2 protein chains.
Amino acid sequence: MPTCSARRVLLVTAALIASITAPLPADEGMWPINRFPADTVRAKYGFAPSAAWLAHAQRASVRLVSGCSGSFVSPYGLVMTNYHCAVECVEALSSKDSNFSATGFHAPAQGDERQCPGMEINQLTGITDVTTRVAGATAGKEGEQFEAARRAAVASIEGECATTAGVRCDVVSLYHGGKYDLYKYRRFQDVRLVFAPEFAVGFFGGDPDNFMFPRYNLDLAFLRVYDEGRPLASPDYFRWSAAGGAAGDPVFVTGHPGGTSRLYTVAQLEFDRDVTRPQTLLTLSELRGLLIEFQRRGEEQARVSGSMLVIIENALKVYRGQFAALTDPRLIAAKRDEEAALRTAVARDPALAAKYGGSWDAVARVLTAARAQYARHATLGALSQSTLFNNARALVRLPVESAKPNGERLPAYTDAARPALEQALRAETPISKELETLLLSFLLRRVREDLGLDSDAARALLGRRSPDEVAAEAVRGTTLDAAAARVALLTGGQAAVDASTDPMIRLVKAIDAIDRQVRKRYEDEIDAELTRHTAAIAQARFAVHGDRIYPDATFTLRVSYGSIKGWTEGDAMVTPFTTLAGLYDRHSGSPPFNLPARWLDAKPKVKLDTPFNLVADTDIIGGNSGSPLLNRVAEIVGLVFDGNIHAIGGEYWFDAAKNRTVAVDSRGIREALASVYGASRIVGEIDAARQAKAAAAP
Amino acid sequence: MPTCSARRVLLVTAALIASITAPLPADEGMWPINRFPADTVRAKYGFAPSAAWLAHAQRASVRLVSGCSGSFVSPYGLVMTNYHCAVECVEALSSKDSNFSATGFHAPAQGDERQCPGMEINQLTGITDVTTRVAGATAGKEGEQFEAARRAAVASIEGECATTAGVRCDVVSLYHGGKYDLYKYRRFQDVRLVFAPEFAVGFFGGDPDNFMFPRYNLDLAFLRVYDEGRPLASPDYFRWSAAGGAAGDPVFVTGHPGGTSRLYTVAQLEFDRDVTRPQTLLTLSELRGLLIEFQRRGEEQARVSGSMLVIIENALKVYRGQFAALTDPRLIAAKRDEEAALRTAVARDPALAAKYGGSWDAVARVLTAARAQYARHATLGALSQSTLFNNARALVRLPVESAKPNGERLPAYTDAARPALEQALRAETPISKELETLLLSFLLRRVREDLGLDSDAARALLGRRSPDEVAAEAVRGTTLDAAAARVALLTGGQAAVDASTDPMIRLVKAIDAIDRQVRKRYEDEIDAELTRHTAAIAQARFAVHGDRIYPDATFTLRVSYGSIKGWTEGDAMVTPFTTLAGLYDRHSGSPPFNLPARWLDAKPKVKLDTPFNLVADTDIIGGNSGSPLLNRVAEIVGLVFDGNIHAIGGEYWFDAAKNRTVAVDSRGIREALASVYGASRIVGEIDAARQAKAAAAP
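Quick caveat, the model's predicted, so the values are computed rather than measured.

Engineer: Can you lay out the pairing of strand β18 (residues 611-616) of chain B for me, pointing to particular residues and giving the numbers?
Structural biologist: All names here are of chain B. Along β18, six of the six residues are buried, which leaves the element largely enclosed by surrounding structure. Bridge count for strand β17 (residues 577-579) against β18 is two bridges, and the pairing is antiparallel. Bridge pairing links phenylalanine 577 to leucine 614 in β18. Relative to strand β21 (residues 661-665), β18 runs antiparallel, the two being bridged by four bridges. Bridging across to β21, valine 615 finds its partner in valine 662.

Engineer: Lay out the sheet that holds β18 of chain B in plain terms, naming residues and giving numbers.
Structural biologist: Residues and elements named next belong to chain B. Judged by pairing direction, the sheet is antiparallel, and its eight strands sit side by side in the order β1-β14-β13-β19-β20-β21-β18-β17 without closing on themselves. Looking at strand neighbours, the two that pair on one side only are β1 (31-32) and β17, the edges of this open sheet. Helix α24 (residues 666-676) rests against β17, β18, β20 (636-643) and β21 of the sheet, and its axis sits at about 40° to β21.

Engineer: Describe in detail the relation of the copies chain B and chain A, supporting the description with residues and values.
Structural biologist: It takes a turn of 180° to lay chain B on chain A, together with a shift of 0.0 Å along the axis; the resulting RMSD is 0.0 Å. Classification of the inter-copy transformation places it as that of a two-fold axis. The fraction of interface residues of chain B whose copies in chain A are also interface residues reaches 100%, indicating that both copies meet through the same surface.

Engineer: Give me the side chain of arginine 273 of chain A: which residues, what numbers.
Structural biologist: Along the chain, the position of arginine 273 of chain A falls in helix α10 (residues 266-295). Excluding anything up to four places from it in sequence, arginine 273 of chain A contacts Pro278, Phe323, Leu326 and Thr327 of chain A together with Arg273, Asp274 and Phe323 of chain B.

Engineer: How would you summarise the interface of chain B and chain A if you had to cite specific residues and measurements?
Structural biologist: Contacts between chain B and chain A engage 45 residues on the former and 45 residues on the latter. It is Leu282, Glu293 and Arg464 of chain B that lose the most area in chain B upon contact with chain A, and together they represent 17% of the buried surface on that side. Summed over the shared surface of chain B and chain A, the result is 12 salt bridges. One salt bridge in this structure joins glutamate 449 of chain A and arginine 288 of chain B, with 2.5 Å as the shortest N-O distance. Put simply, the parts of the chain that give the side of chain B that touches chain A at least two residues each are α9 (206-209), α10 (266-295), α11 (299-326), α17 (433-451), α19 (467-477) and α22 (580-586) of chain B. Sort the elements by how many residues they give to the side of chain B that touches chain A and α10 of chain B lands first, with 13 residues. Its residues assigned to classes, the side of chain B that touches chain A comprises 14 nonpolar, eight polar and 23 charged.

Engineer: Any chance you could break down the environment of cysteine 116 of chain A for me, citing the residues and the numbers?
Structural biologist: Residues and elements named next belong to chain A. Checked against the element boundaries, cysteine 116 lands in the loop between β6 (114-115) and β7 (121-129). The spatial distance from the C-alpha of cysteine 116 to the C-alpha of alanine 92 is 7.5 Å, given a sequence separation of 24 residues. Aside from chain neighbours lying at most four places away, what touches cysteine 116 is Cys89, Val191, Arg192, Leu193 and Leu223.

Engineer: Pulling in residues and values, what's your account of the packing of helix α15 (residues 387-402) of chain A against helix α16 (residues 418-426) of chain A?
Structural biologist: Think of two packed helices as two axes; the pair is described by the angle between the axes and how far apart they sit. All names here are of chain A. Across the interface, α15 lies against α16 with an axial gap of 11 Å and an inter-helix angle of 140°. Relative to α16, α15 is oriented so that their crossing is left-handed. Where α15 abuts α16, its residues Asn391, Ala394, Leu395, Leu398 and Ser402 lie against Arg418, Leu421 and Leu425. In the contact of α15 with α16, the residues fall into five nonpolar, two polar and one charged.

Engineer: Quick rundown of the sheet that holds strand β20 (residues 636-643) of chain A? Include the residues and the values.
Structural biologist: All names here are of chain A. Across the sheet, eight strands lie side by side as β1-β14-β13-β19-β20-β21-β18-β17; this open sheet has antiparallel pairing. Across the chains shown, the open sheet's two edge strands, defined by having one partner strand only, are β1 (31-32) and β17 (577-579). Pairing geometry for strand β13 (residues 250-255) and strand β14 (residues 558-563), over six bridges, is antiparallel. Counted as the bridge partner of threonine 254 is valine 559 from β14.

Engineer: Describe the pairing of β14 of chain A, listing the residues and the values that go with them.
Structural biologist: All names here are of chain A. Of all six residues that make up β14, six are buried, and the element is covered over most of its length. Here β14 shows a buried face lined by Arg558, Ser560 and Gly562 and a second buried face lined by Val559, Tyr561 and Ser563. Pairing of β1 with β14 involves two bridges; the strand directions are antiparallel. Bridging across to β14, tryptophan 31 finds its partner in valine 559.

Engineer: Break down the nonpolar core for me, citing the residues and quoting the values.
Structural biologist: Counting 116 residues, the largest nonpolar core has Leu440 and Met504 of chain A together with Leu440 and Met504 of chain B as its most contacted members. Listed in part, the 70 residues of the second largest apolar core include Ala48, Trp240, Ala538 and Trp599 of chain B.

Engineer: Report on the packing of helix α16 (residues 418-426) of chain B against helix α20 (residues 483-499) of chain B, specifying residues and quantitative values.
Structural biologist: Residue and element names in this part refer to chain B. Between α16 and α20, whose axes approach to 8 Å, the crossing angle comes to 140°. Here α16 lies oblique to α20, going by the angle between them. Residue-level contacts link Arg418, Glu422, Leu425 and Arg426 of α16 to Ala483, Arg486, Val487, Leu490 and Thr491 of α20. Of the residues contributing to the contact of α16 with α20, the split by class is four nonpolar, one polar and four charged.

Engineer: Please set out the packing of aromatic side chains residue by residue, giving values where relevant.
Structural biologist: Residue and element names in this part refer to chain A. Per the stated rule, a full pass over the model turns up 33 aromatic pairs over all chains. Judged by centre distance (5.6 Å) and plane angle (65°), the ring pair of phenylalanine 199 and phenylalanine 203 falls under edge-to-face. Judged by its relative accessible area of 28%, phenylalanine 199 is partly exposed. Relative to tyrosine 677, the ring of tryptophan 599 lies with its centre 6.0 Å away and its plane at 75°, an arrangement referred to as edge-to-face. Highlighted residues: tryptophan 599 in helix α23 (residues 597-602) and tyrosine 677 in the loop between α24 (666-676) and α25 (680-691), separated in sequence by 78 residues. We note that tryptophan 599, like tyrosine 677, is buried. Among the aromatic side chains, those forming a connected cluster through ring pairs are Phe195, Phe222, Tyr584, Trp599 and Tyr677.

Engineer: Summarise the pattern of salt bridges; cite the residues concerned and give the values.
Structural biologist: This model, assessed by the stated rule, comprises 130 salt bridges over all chains. Among the ionic pairs, arginine 224 of chain A bridges to glutamate 685 of chain A, the shortest N-O distance being 2.7 Å. Residue arginine 224 of chain A is found in strand β11 (residues 221-227), and its partner glutamate 685 of chain A is found in helix α25; the two are separated by 461 residues along the sequence. For arginine 224 of chain A, a relative accessible area of 2% corresponds to the buried category. Residue arginine 376 of chain B pairs with aspartate 456 of chain B through a salt bridge whose shortest N-O separation is 3.3 Å. Of this pair, arginine 376 of chain B sits in helix α14 (residues 359-381) while aspartate 456 of chain B sits in helix α18 (residues 456-462), placing them 80 residues apart in sequence.

Engineer: Could you give an account of the state of the cysteines, with specific residues and numbers?
Structural biologist: For the coordinates displayed, the defined rule picks out six disulfides over all chains. Note that cysteine 161 of chain A is cross-linked by a disulfide to cysteine 169 of chain A, the S-S spacing being 1.9 Å. Disulfide cysteine 161 of chain A-cysteine 169 of chain A: the torsion about the S-S bond is -65°, which places it as left-handed. A residue is classified by how much of its surface remains accessible, and cysteine 161 of chain A, at 10% relative accessible area, is buried. Of the residues examined, cysteine 169 of chain A reaches a relative accessible area of 2% and is grouped as buried. Each sulfur of the disulfide joining cysteine 68 of chain B and cysteine 85 of chain B lies 2.1 Å from the other. Between cysteine 68 of chain B and cysteine 85 of chain B, the S-S dihedral sits near -80°, and the bridge is therefore left-handed. A residue pair is termed long-range when its members are at least 10 positions apart, and cysteine 68 of chain B in strand β3 (residues 68-72) and cysteine 85 of chain B in helix α4 (residues 83-93) qualify at 17 residues. Note on cysteine 68 of chain B: relative accessible area 8%, which makes it buried.

What counts as what
- Residues numbered from 1 in each chain as written.
- Chains lettered and ligands numbered in written order.
- Predicted model: local features only at pLDDT ≥ 70, side-chain atom pairs only at ≥ 80, totals over all residues.
- Heavy atoms only, no water.
- Buried < 20%, exposed > 50% of the residue type's maximum accessible area, 1.4 Å probe, protein only.
- Helix = DSSP H or I, 4+ residues; strand = E, 2+ residues; numbered from the N terminus.
- Pairing = 2+ DSSP bridges.
- Contact = heavy atoms within 4.5 Å.
- Axes fitted to C-alpha atoms, helices over the stretch in contact; angles between N-to-C directions.
- Least-squares fit on C-alpha atoms with pLDDT ≥ 70 in both.
- Buried area = accessible area lost by both parts, 1.4 Å probe.
- Salt bridge = Lys/Arg side-chain N within 4 Å of Asp/Glu carboxyl O.
- Nonpolar A, V, L, I, M, F, W, Y, C, P; charged D, E, K, R; others polar.
- Left-handed = near helix turned anticlockwise from the far one by under 90°.
- Core = buried A, V, L, I, M, F, W, Y, C linked by side-chain atoms within 4.5 Å.
- Parallel < 35°, antiparallel > 145°, perpendicular 65-115°, else oblique.
- Phe/Tyr/Trp six-rings, centres within 6.5 Å; stacked < 30°, edge-to-face > 60°.
- Disulfide = S-S within 2.5 Å.

So this is what it looks like as structure tokens:
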């Protein structure tokens, strides 16, 4: 459970007081790369990344659109990321007879690298402020009109930017609508697996050790980006540090934190506490139980559901930690104080009061309405957790949405979004019908329970049949597990969809009108109104505090800074490094603490005092997984894969005393590759890249 | 989700204003039978139960110690209760080849009635106020001393009263320590199953319909109490109403509501909202998922886990409803107002302020400390959900506790409690090792997750092994699934326990010292201190409001009153009766809405317009299941089996406009017995009893 020291600096005021008062501010903030607070860093550390440093880091950093970060580590498109970011690829490439989760994957030659179905990697090429255009389009509008205008403006800006499938453009709402930036990326859809350790090593310690430290986990994978069938030329890449890091060293993280809620109003925090987190936790807990017992059906079932269980258990730990933060009386008290201070400042200025004074109560009113709508909205939305249902829904909606003007489509169907959607539908990702039956039955049961047996949605999906029957029939009868069947409907358009007798398509059609109506109502009455009022609060905050505040995370490129250091837990000091010797000590022979024979056999060759995992006080959150941990000259000293348990509360605030980033040490990675896996090709590529004098040096 | 009309009368003041102001008070309160508010009832309904009426009702009402209510319905010990209260007996008497869950159970002759393993029924014979003695023993004490003194006083009072195994004596804390009453019972441990319908009929509508209305459920079972091998003579019993009830009729419920929290302070409510309910919900949700998937292993697994799944799904619905009430901003607001009013009244009187003024803050302080201890306490306590572990723990502790003076033992091991414990250990209840393995593995995993892999408790239970391994080994190796093995250890005492190599006994021994220490700390630092301060608040409430307040439910005999009536849901009126025709309409052929062939075949004979289920605005809660619904002359017009969805919030407040009791109509019961089951012996016994002129007429 996150706890916070008395020295915690309130987040809104941190940037403000940074340059004027002692003590020095906490190493807080996930800073957009174009808003990096170099002055603050220089004041504390005596130096700061230059503009060239940042530009280089931008080009060398990538994101995996599945929700992770990564970085180029050679000039040939080699990407370092986490095992858990590549686990779905490992599973997709595996089969009953060739289970890479059990054996690990290692391509001895370039020709052995294998394409990851459906994987997309993005490299940021530019950021443009488009606030005026979006805010101008929505000015004076409310609810449905506001939402329609906002969506049209976004689609139009993105459409103008995304001129080819190789370019991805996202309009990003910062400060909850306070600013809009257009992020432009190179899009890579040919990504291949180069190396992944065994599941037992890439996720050593499993769920029990997740978010814990001391830690012993080789959460590592290498991918390679291909361009027109050949390894991508990536002149900007991060070099390996020869020496590695030491306690006290300043470090940086570049990556793509997925989302935070640090600027939330008190009403928004209470909504999370009372509504969103409990509903999600209950759903995930039951699903976890189903999957654990499903895994006991046999080896094959364990194989096909392994990555899903990892994802669910990770999410459960995150949401439990968030709920703990939300029910920590100190958090709500601190947030109330902070909000009261801002509201008082606004109230004192008649002009501000007139423009923004009513916004906090307006947010609270919108969320009172949301309490009645949330379960329905979330439960129907959750049907997308069934891959087959989700694919069927996309296929049913594509021709309908494509017939509309670009600005009026659902966001997933705009011209800019279409390449990602098509890639997902065309990908040859194996789908387990047995697992899909379990999932769909569960999701349909949730509809019956959360919306009611006699609700229109339950009646449309189930009629008078049970969730088990409907799920079994739809999954058994569908052919959409084969990419060819999906492609046929994708290319056949409306006529093909109309003519389809596929039971999954029929199931989607049965609920689609209700589903769209529920979604539209929530977007118009809740999301749009929230955005309108939180945007006003953002403007109020700028007016009172200036704009040197970092925005909440948005799965866009951010830079965090800090230093390698441990923390104090109760009476005990937690030191910042572990070693490979500790990994062998923790091996018990019993999952999730079991090392494969390869590791046990290699032990005599392994330098056991090699640093293996480490912590730093950089500010990160989920989505930063796979980020490089960089030293002052932008060399890799680690691979970020986790936060400690206190980092989970980072969703809502930053506890400088205890919030820590957890990373694999670069020396541990190299030692494992060389001494355990004999991965000489990768080691050679990294070593050669380190020594090359190229664009890699900032 | 419970909602409350503007007319809701705040609970603390309801009794106060009852006799002086219009409008008439809500039909609120689960009244101890010796504190029944006859004046209030007379003012509203023009009559009230007499002392004789109440004395008769007391003798004709029983409780099932497993957590239900029931009543005598003939002079020969015939007890009417719910199917769901007897479901564990039905399962225990079933086997792979003789599955009474599927077929129902019907004893055509008395000799066919079969003993329910481990079932105990109590009949209340007297209530004595022992407040002076308990309060005297604890006066001036705190924490550990308070707890020890309270426990010694209770054990001593109970021990003096429980002179034979046939007498059960419970000291009951009312008003959270404000008063103590000694409840004396006749104890019956030979209870036999007479009739139970099929699971599909006794739980028609299953979890989806649970807490819902309109409803169509024959949640009925008949048991018979035996005394010295023969049917008990039960001269006080409730007669069947010939006419049944009608909308608007006044009705009464006698029964044993298990617990409510309506007198909680705001800090206690927040503790439930933030800590106890979320932890319980997450645990139950995951267990539900495990069990649903376990059931899919096969018919036999479905059979042995059926009753457990019912219990868990019911509990989940209850706790979800409670959490919804706790997060309803109106509830906390109302409770805050109520508490502020009482505190203001106390603060105004210097004598009261000196004695009680600090109690609310003291409760809040205790609960702040409880936040750090709760997970550990609850998770180790939850190990008792494994029957084998629970039995092993009782066997390990029995000789240790028995060697202590009665007043110093853990409550389950006092002289007064011992007959119940021995019955449980000696009962020939079948235990599924497959299900126990699942359960114990889950409970051990919870220890590892909630307390941490490196906690002393996890280390003691698991060492370096996994929960799956430890559970599988302990369950596979134990012989405690056989009653003979338990009896051997029970009679063999300390020497037998010391010599035992049973792995389940070893597992209990490994954790027992830690378990006892965690429990004792929680009892001394949290429970005792809470009791001390909530008792003071109760005294303050008596001083300000007088003592015409009903205490929170305590699984002791209570009487509720009200009338048969529907309610308004949104724009719709819900009428108070359903019919057997509605049951046939709801039959879809698919569980849980599938009628057995017997019902479908009988349809031409069934009078379809017979009332089947009904609602009344009597105030009940879990534990009232199986209660009779009585008319003004104490005749049975229904069998209580549920509340509507708004009744769940009854844990914390009473919503007179919407909170409803759900019952099976007495006419529907008789029609089903006669026309579907051909249960002529039971129908004959009930009819004869109705016509007999005996002590049954009040």
